[in-house]
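Each chain, written out:
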Amino acid sequence: MRWEAVEIPILHKDGSTRIFLWNSASVFGGDCNALIATIAQGQDITERKKADQLKDEFLGMVLTR
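Anyway, here's the lowdown on the structure attached to this text. (Residues numbered from 1 in each chain as written. Predicted model: local features only at pLDDT ≥ 70, side-chain atom pairs only at ≥ 80, totals over all residues. Heavy atoms only, no water.)

## Some remarks on the pairing of strand E1 (residues 2-11)
Right, on to step 1. The buried fraction of E1 is low, at zero of 10 residues.
Right, on to step 2. Across 10 bridges, the pairing between E1 and strand E2 (residues 17-28) is antiparallel. Within the sheet, the bridge partner assigned to Ala5 lies in E2 and is Asn23.
Right, on to step 3. Hairpin connection of E1 to E2: five residues between the antiparallel strands, including Gly15 at a positive phi of 95°. (Buried < 20%, exposed > 50% of the residue type's maximum accessible area, 1.4 Å probe, protein only. Helix = DSSP H or I, 4+ residues; strand = E, 2+ residues; numbered from the N terminus. Pairing = 2+ DSSP bridges.)

Put into structure tokens, the structure is as follows:
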């Protein structure tokens, strides 16, 4: 089994954009050829991304002084 992760921006009708982290994995049978299932999970990470950006901007200002 191998996990894949991707960040997906989703545009809402009101014009705002939310960022989702989408994780998925394919589960194969014993011969590694037959796909048995796919596991997937999505999480809204918009606020975490905003906090990371603010932190990076703050550190950039502090470190350039």
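## Considering the environment of Lys50
Right, on to step 1. Structurally, Lys50 can be placed in helix H1 (residues 46-63).
Right, on to step 2. Given a relative accessible area of 44%, Lys50 falls into the partly exposed group.
Right, on to step 3. In this structure, the C-alpha to C-alpha distance between Lys50 and Ile19, residues 31 residues apart in sequence, is 10.0 Å.

## Details of the pattern of salt bridges
Right, on to step 1. One pass over the full model with this rule turns up four salt bridges.
Right, on to step 2. Here Glu7 and Lys49 are joined by a salt bridge, their closest N and O atoms 3.0 Å apart. Here Lys49 lies in helix H1 and Glu7 lies in strand E1, a separation of 42 residues in the sequence.
Right, on to step 3. The exposure class of Glu7 is partly exposed, given its relative accessible area of 42%.
Right, on to step 4. Lys49 sits in the partly exposed class, given a relative accessible area of 33%.
Right, on to step 5. In this structure, the salt-bridge partner of Glu47 is Lys50, at a minimum N-O distance of 3.8 Å. Separated by three residues within a single helix, Glu47 and Lys50 lie in helix H1, roughly one turn from each other.
Right, on to step 6. A cluster of three or more residues bridged by salt bridges with shared partners is formed by Arg18, Asp44, Glu47 and Lys50. (Salt bridge = Lys/Arg side-chain N within 4 Å of Asp/Glu carboxyl O.)

## A few points about the sheet that holds strand E3 (residues 35-44)
Right, on to step 1. Spatially, the three strands line up as an open sheet ordered E1-E2-E3, and their pairing is antiparallel. The open sheet is flanked by E1 and E3, the only strands paired with a single partner. For this sheet the average axis-to-axis angle between neighbouring strands, irrespective of direction, equals 20°. (Axes fitted to C-alpha atoms, helices over the stretch in contact; angles between N-to-C directions.)

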